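Chain by chain, the residues:
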Amino acid sequence: MTYTAHGLDFEAIGWTALYTSPSLVRHLIAEDGTLPDWLIEYRQSKLEPVPFGDRRNITFVPRAKDCTKWIKNNCPTGIRKRVPEIRLPKKRSMPRPLTIAQYQGHALHLLSRVLNIRLNASPFTLIVDDLSQRATPLTSEIMRRALSRNINVVVVAFEAADVDPAIHYIPAYGGITGAQLLEKIEVAMSERQESLVVVDSLYDLVNATDIDMGVLFDLVATRFASTLVGIYHQDILADQYPENAYAPQHLEYFQYLATTIFTCKSLAHVLAAKAASERSLAEPTFGLLQGAEGVVQCLDANDHRGIVFTAEFRRKSGRPESETFFLRETLISDYNEPLPLMRVGTLKQEFAVLIDQVPAYANEVVISLVKSAADAVESNQATDDLIESTFNLSITDKQKEARDGVILPYFDAQTANGGEGGRILYDMSMEDDFDEEEDEI
Amino acid sequence: MSPSSRIPPLLQPCIRLPKDKSILLVTSTLGASANWLIIRFICDALSSTAKDGGLSDEINTLGEGGVNIILVSWMQEWEFWKQEARKGGGLDLDRAKREGRMAFVDGLRALFLPDGGEKNENIPVTKTTQTPPVRTLPGGIPARGPAAVPARTTPSASTIPARNLPEQTSASTKQGHYTLCSPDLAHLKSTIQTAVAHLTPTSTSTTTTKTLLILDTPSILLATTPTISPSSLTSLVLTLHTTLPHILVHSHADDPLLSLSTPPQPLELAHHNFVVKVAHMSRRVLSVRVLDTGVARDVSGVLRVTENKVGLGDLRVKGKEEEEDDGNGGREVLYYVKGDGSVRVFERGGGGDG
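Calculation rules
- Residues numbered from 1 in each chain as written.
- Chains lettered and ligands numbered in written order.
- Predicted model: local features only at pLDDT ≥ 70, side-chain atom pairs only at ≥ 80, totals over all residues.
- Heavy atoms only, no water.
- Pairing = 2+ DSSP bridges.
- Helix = DSSP H or I, 4+ residues; strand = E, 2+ residues; numbered from the N terminus.
- Axes fitted to C-alpha atoms, helices over the stretch in contact; angles between N-to-C directions.
- Contact = heavy atoms within 4.5 Å.
- Buried area = accessible area lost by both parts, 1.4 Å probe.
- Salt bridge = Lys/Arg side-chain N within 4 Å of Asp/Glu carboxyl O.
- Buried < 20%, exposed > 50% of the residue type's maximum accessible area, 1.4 Å probe, protein only.
- pLDDT = per-residue confidence, 0-100.
- Expected span 1.5 Å × (residues − 1).
- Arc of directions from axis to C-beta.

*Asks:* What is the right way to read the sheet that holds strand β2 (residues 67-73) of chain B from this model?
*Replies:* Consider a sheet: its strands pair through backbone hydrogen bonds, and that pairing is either parallel or antiparallel. All names here are of chain B. Read across the sheet, ten strands follow the order β6-β3-β2-β7-β8-β1-β9-β10-β11-β12 without closing on themselves; strand pairing throughout is mixed. Only two strands of the sheet have a single partner each, and these edge strands are β6 (177-179) and β12 (343-346). Ignoring which end each strand starts from, the neighbouring axes of this sheet average 20° apart. Across five bridges, the pairing between strand β7 (residues 210-216) and strand β8 (residues 246-252) is parallel. Within β8, the position partnered with leucine 213 by the bridge is isoleucine 247. Its contacts with the sheet place helix α4 (residues 78-89) against β2, β3 (102-106), β6 and β7, and it is angled at close to 140° to β3.

Below, the structure written as structure tokens:
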């Protein structure tokens, strides 16, 4: 803070010179020893302590008001009531978004940073998929967006035989060693400043080529400040060797390393699971879990409408945030016309949404599914009754009317004078035969 | 009867090869064999020179070129395929082989049969082998042993190749017929590559020849040769895929091979991982299984077809105008293999003549 008065800049004063020869400023002080007003003002401002925060608002809440409460003393009433302690309203550790719009905006912002390969958004993104929903729509979208931002895309392929010519393709199958592969990746990355490296099977990367994940991560994220995206197929089973029985499974290790984890699901399955949970039924299982022999992939796998994925963002602060998103199929209209020499134009607008914003998930389809399921169950029950019973268990309308007309004893007891007690109220009808003897018992 | 008319209309979209490069996976179970389906693939590929139906538009635009076939079989012999093709598809595979449309790589005789197939082709198969004899039941479903059975012949697999080398040279003189004499993958690769060289280009106008490579149960190598890992097998498939546009892998998907016992056995793990990995790589998965509700007199089994349209690194986006959606990818049909080898394919509930 610079304090200027009377054209004096106090910061510019050579204080050492001033202290060694005070005669320089002697003229500033008046003959009678009084200081000029501006100097007093300046001194006040310097001496006054700067308020640190707003201390007046801080109230200390003692656990107990005083020590007397610690000692038991016999209270005359015999009942000792605990004096309510003053509690502050619980302070929330993190600010939460206030409205739904803010919440959606926040979640989508996090997602689009990762999808668009923004710098340092997520150095290592792990995509966990299975046969029910492959990660390819998601990775294709990530690559498309990376290319639209002129980022060098490198694919380390263990499974894909051909990719788009705009992508730098490194075949990793066919007996290539880990060292050679790393070298190739390094060469491919050094072409451009920023890169996106996609490994299409992390399992094979670790198993077949013996690359340590840490080394690759160090190469991609630390040395080139780029982004690594890895796919792990959940349904490929890890080998179990006796010599590494205590080592963590690969998937656990990747999940530990990853800064963002996407878990892919088929939209049809998510809808079915929701319909089941709304009826409190057990969630259906899909794919290899289905149990039918010979079934490899379930019928509604890889839903063409889009891909559902649960994302776990691990923020730099250490706070994890988890949301479920829906990425619909990409259309040409989502991207602008590509510039010459570019494969993909720029993205017009983020089209990934939260799963709650998907109409099919949020309302009518699911509800109608639920209803139809409920109807099916009920109609089954109705027909079951008809079929399985030899008795006619239903009643006619007339019988129902008569049943409704019966006044039960407790209704009578609730009248003002207590009614007539426990007397059985019965109106004799035509066919009734009053039996005296029976009544006497 | 023209071969293409042997393919039921409902089956047509399932066995039509996709336009671009693709890997297809066919799985079968012990009760429901997929040999009839493979025959239909061969049928469709070989018959696509004919102008009438049964050929995809893409092939038509490539000129009159059909699709050449390399069949690599570890579980069946040439004789079996020849008979099945004649019965089921009305095809003469011998002629196709002579014309250079087809090549056959025999992975069974030299590797797994005790006599190495030195005797006459027809007789020894049923007489001396440890593998179950290949016969066609009256119902038209070929009976076949489980994949694990040939594993018992593993010791012989290592001894046979040495004394069988002359056999291979004589076999290669036979047009388009090759014999694998070692379970080694490099040998398999080179054999397939020589087979590719044998095939004649189907059309003179185009430079790209379409070739369909059919690998019939390569997973048997996982059982017989423990040094082969599932990933090395899939790498081989991918390496071959760089030159061959279409690869069909047939594998077993029986529960004992896919679901794990505790503790998991290496073969279970290897087989499971192989099938799952090929399924991940493949564009279309065709699974054949028995009827869930039990045996029926007029239904042989269920065929389930699922598609994975988007490949990794496939950056093409769909415009609004090209709406060629055929449902949600997956569908199921029932099929019935008749005694004469013909196949009826129909929807559930549509048991009429189809």
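*Asks:* Looking at this model, I keep getting lost on the environment of Val308(A). Mind explaining?
*Replies:* All names here are of chain A. Summarising the element assignment, valine 308 is placed in strand β9 (residues 306-314). Residues valine 308 and isoleucine 355 lie 47 residues apart in sequence; the distance between their C-alpha atoms is 7.5 Å. Those residues in contact with valine 308 that lie beyond four places of it in its chain are Thr263, Cys264, Lys265, Leu267, Val270, Thr324, Phe325, Phe326 and Ile355.

*Asks:* Mind showing me how you'd approach the interface of chain B and chain A here?
*Replies:* Often the size quoted for an interface is simply the accessible area lost on bringing the parts together. In this assembly, 51 residues from chain B lie in contact with 57 residues from chain A. Between chain B and chain A the total buried area reaches about 4300 Å² when both faces are included, carbon and sulfur atoms providing 60% of it. Applying the counting criterion to the chain B and chain A interface returns one salt bridge. In this structure, Asp204(A) engages Lys277(B) in a salt bridge whose closest nitrogen and oxygen atoms are separated by 3.0 Å.

*Asks:* Can you walk me through the pairing of β12(B) in this structure?
*Replies:* Moving residue by residue along a regular strand, the side chains alternate between the two faces of the sheet. Residues and elements named next belong to chain B. With burial as the criterion, each face of β12 is covered, one bearing Val343 and Val345 and the other bearing Arg344 and Phe346. Relative to β12, strand β11 (residues 331-337) runs antiparallel, the two sharing four bridges. Across the sheet, residue tyrosine 336 finds its bridge partner in β12, namely arginine 344. Connecting β11 to the next strand, β12, in antiparallel fashion are five residues, including glycine 341 with a positive phi near 95°.

*Asks:* Which parts of the structure should I look at to understand the environment of Gly294(A)?
*Replies:* Here Gly294(A) is to be found in the loop between α9 (267-278) and β9. Dropping the residues within four chain positions of it, Gly294(A) is found in contact with Thr27(B), Thr29(B), Ala253(B), Ser287(B) and Arg289(B).

*Asks:* Can you help me understand unusual backbone geometry in this one?
*Replies:* Glycine aside, residues mostly have negative phi angles, and peptide bonds mostly take the trans form. Residue and element names in this part refer to chain A. Positive phi is not limited to glycine here, since isoleucine 117 has a value of about 55°. Counting through the fold element by element, isoleucine 117 comes out in the loop between α3 (100-115) and β3 (124-129). In the Ramachandran plot, alanine 225 falls in the positive-phi region, its phi being about 50° despite a non-glycine side chain. For alanine 225, the position within the fold is in the loop between α7 (213-223) and β7 (227-233). For alanine 225, a relative accessible area of 40% gives the class partly exposed.

*Asks:* What exactly am I supposed to notice about the confidence of the model for chain B here?
*Replies:* Close inspection of predicted coordinates is inappropriate for parts of the model with low pLDDT. All names here are of chain B. Overall, the prediction assigns chain B a mean pLDDT of 74, with 70% of residues at 70 or greater. Considering each helix and strand of chain B separately, the mean pLDDT is smallest for helix α7 (residues 124-128), with a value of 36, and largest for β8, with 93. Between residues 50-64, whose pLDDT stays under 50, and residues either more than four places distant or in other chains, the model counts 25 contacts. The low-confidence segment residues 119-173 (pLDDT under 50) makes 91 contacts with residues lying over four places distant or belonging to another chain.

*Asks:* Just to check I follow, could you spell out helix α10 (residues 185-198) of chain B for this structure?
*Replies:* Each turn of an α-helix holds 3.6 residues, which means side chains three or four residues apart point in the same direction. All names here are of chain B. In this model α10 runs 20 Å from its N-terminal to its C-terminal C-alpha over 14 residues, within 8% of the 20 Å that 1.5 Å per residue would give. Restricting attention to buried positions, one finds in α10 the residues Leu185, His187, Leu188, Thr191, Ile192, Ala195 and His198. In an axial view of α10, the angular spread of the buried residues amounts to 155°, which keeps them on one side of the axis. Exposed residues pointing more than 90 degrees away from the buried face of α10 are listed as Ala186 and Ala197.

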